[in-house]
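The lines below spell out each chain.
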Amino acid sequence: KVVAVIMVGGPTKGTRFRPLSFNTPKPLIPLAGQPMIHHPISACKKIPNLAQIFLIGFYEEREFALYVSSISSELKIPVRYLKEDKPHGSAGALYYFRDRIMEEKPSHVFLLNCDVCCSFPLQDILDAHRRYGGIGTMLVIKVSAEAASQFGELIADPDTKELLHYTEKPETFVSDLINCGVYVFTSDIFKAIEKVYSQMRDTSSNYQISSFDHFQSATRSVPADFVRLDQDILSPLAGKKQLYTYENKDFWEQIKTPGKSLKCSALYLSQFRQMSPHLLASGDGTDKKPMIVGDVYIHPSVKLHPTAKIGPNVSISANVRIGPGVRLISCIILDDVEIKENAVVINSIIGWKSSIGRWSRVDASGDCNERLGITILGEAVTVEDEVAVIGSIVLQNKTLNVSVQEDIIL
Ligand code: GDD
């Protein structure tokens, strides 16, 4: 038996997702028409002998209740939300719920960050881990040297794949091989975390981690019961024949900003094209069906005028109404939105219950010098007729009756 744990974090981590994260936890924001965490959850579902999936976070339970019950019955696998009373760090949170996680005595525990987008090759990671042995195996990928510094950089033995050196978000370049935030562990991971806790107890209540590779300073104080997987567990265990790496050969992105979520939505839509093309919309402008270009997801409840033209990279959630002559390119349209005749939406995310007026334009940029790269309308924003909203972020419940460009509307 195996179990999977998805770390969902909590409200303080979602600030870069404002205004979308005001009323919806970031892990539930739809990408390719499905909540962000639906994608790792459906990858978990494919692992043989998966007993349970745990979501661990410090959001209120009620925020996940509906999703957890609907996905459990849809996938016929128990998905449970476990709420921490406060953040314990990515390893501390795992440890906090160790009894629940180990209840059914699983041989392995998968651990996934909620905010990564990839094909989650979980069975391949487990197979590799069984060959390597040790406490755990982590998914890694090569990125450009400039991009690497935003992630955990690591060095792996080219032959044995052992993790030799690990440093979290280093200031100076270490390696272009980075941590993807997807792991499999044996139950020994709990002993490794326990060891860090007992070292912390041996010092004072506000202990100091001496970590020469930390990006801010050589020593740093963190709360006494806060243990980070990367700095506190992976770094010290590197080079001890305990941790191994499995290189990802498919797509991978981190989802820290709404701009990234548009890109990740496109990646998941193209994965649907390969794995489950029946989820994608089709149409060529005849037979009362609108013209669909490229990969597009449209919820069955959407009312779409046949003269609209949609795609590529568009996902449209439940109960949206799209009027005649509307053009949508690279955007995410959330539930209950209305887009009126001849409006255009490009490189944007349109929040729940918003309304876009006739001949209006919502776009990332007016010319090719993209600055924000995306326009986001929060929940229940009204854009009146013939108004342009360009490269802007609009908070919930606003009404725009004049055009705005490169602005933040509070
Ligand atoms: N439940 C819970 N409690 N979850 C947490 C907590 C906590 O106290 N702290 C972080 N998380 C969750 C986040 O929501 C996220 O899914 C995951 O744990 C990792 O978050 P961070 O610890 O903030 O790290 P990061 O996302 O900046 O970087 C990590 O992931 C990268 C890959 O996306 C690191 O492991 C990097 O090395 C790695 O490259």
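What you see is a predicted model; the values in this text were computed from it and never measured. (Residues numbered from 1 in each chain as written. Predicted model: local features only at pLDDT ≥ 70, side-chain atom pairs only at ≥ 80, totals over all residues. Heavy atoms only, no water.)

Colleague: For the nonpolar core, give the residues involved together with the corresponding values.
Modeller: In this structure, Ile 37, Ile 41, Ile 53, Leu 55 and Leu 122 are the most contacted members of the largest nonpolar core, which totals 66 residues. For this core, the element with the most residues is helix α9 (residues 258-275), which contributes six residues. Once residues within four sequence positions are removed from consideration, Leu 55 is found in contact with Ile 6, Val 8, Ile 37, Ile 41, Phe 64, Val 68, Val 79, Arg 80, Tyr 81 and Leu 82. The next biggest cluster of nonpolar side chains, apart from the first, holds 39 residues, and it includes Ala 93, Leu 177, Phe 190 and Met 200. (Core = buried A, V, L, I, M, F, W, Y, C linked by side-chain atoms within 4.5 Å. Buried < 20%, exposed > 50% of the residue type's maximum accessible area, 1.4 Å probe, protein only. Helix = DSSP H or I, 4+ residues; strand = E, 2+ residues; numbered from the N terminus. Contact = heavy atoms within 4.5 Å.)

Colleague: Explain a positive patch on the surface to me, using residue names and the numbers behind them.
Modeller: Taken together, Arg 131, Lys 142, Lys 161 and Lys 249 make up a surface patch of like positive charges. Mapped onto the elements of the fold, Lys 161 is located in the loop between β9 (152-156) and β10 (163-168). (Patch = residues over 30% accessible without salt bridge, like charges linked within 9 Å, V, L, I, M, F, W, Y side chains within 5 Å. Areas by Shrake-Rupley, 256 points an atom, 1.4 Å probe, with all protein chains shown as cover. Salt bridge = Lys/Arg side-chain N within 4 Å of Asp/Glu carboxyl O. Lys, Arg positive; Asp, Glu negative; His and termini not counted. Charge placed at Lys NZ, Arg CZ, Asp CG, Glu CD.)

Colleague: So what's going on with the site of the ligand? Which residues, and what values?
Modeller: If you check the shell around the ligand, you find 29 residues, and the closest are Glu 84, Gly 89, Glu 168, Asn 179 and Lys 256. Within the side chain of Gln 254, a nitrogen or oxygen atom sits 3.0 Å from an oxygen atom of the ligand. When isolated, the ligand has an accessible area of 740 Å², and the protein chains bury 92% of it. Those elements giving two or more residues to the shell around the ligand turn out to be β1 (2-9), β4 (50-57), α3 (90-96), β10, β11 (177-185) and β15 (252-254). Its residues assigned to classes, the shell around the ligand comprises 13 nonpolar, nine polar and seven charged. (Near = heavy atom within 4 Å. Polar contact = N/O pair within 3.5 Å; in protein donor to acceptor, adjacent residues only side chain to side chain. Nonpolar A, V, L, I, M, F, W, Y, C, P; charged D, E, K, R; others polar.)

Colleague: Tell me about the packing of aromatic side chains, residues and numbers included.
Modeller: Taken as a whole, this structure holds eight aromatic pairs when the rule is applied. With a centroid separation of 4.6 Å and 5° between ring planes, the pair formed by Phe 64 and Tyr 81 is classed as stacked. Taken together, the residues span a long stretch of sequence, with Phe 64 in helix α2 (residues 61-75) and Tyr 81 in strand β5 (residues 79-83) at a distance of 17 residues. Here Phe 64 and Tyr 81 have matching classes, each one buried. (Phe/Tyr/Trp six-rings, centres within 6.5 Å; stacked < 30°, edge-to-face > 60°.)

Colleague: Please provide a residue-by-residue account of the pattern of salt bridges, values included.
Modeller: Under the definition given, this model contains 16 salt bridges. A salt bridge links Glu 103 to Arg 100, with the shortest nitrogen-to-oxygen separation between them at 3.7 Å. The exposure class of Arg 100 is partly exposed, given its relative accessible area of 31%. Glu 253 serves as the salt-bridge partner of Lys 263, at 3.0 Å between the closest nitrogen and oxygen.

Colleague: Give a description of the packing of helix α1 (residues 38-45) against α2 that names residues and reports values.
Modeller: Interaxial distance between α1 and α2 falls to 12 Å at its minimum, and their mutual angle equals 30°. In terms of orientation, α1 and α2 fall into the roughly parallel class. Where α1 crosses over α2, the handedness of that crossing is right-handed. Where α1 abuts α2, its residues His 38, Ile 41 and Lys 45 lie against Tyr 67, Ile 71, Glu 74 and Leu 75. For the contact of α1 with α2, the residue count by class is four nonpolar, one polar and two charged. (Axes fitted to C-alpha atoms, helices over the stretch in contact; angles between N-to-C directions. Parallel < 35°, antiparallel > 145°, perpendicular 65-115°, else oblique. Left-handed = near helix turned anticlockwise from the far one by under 90°.)

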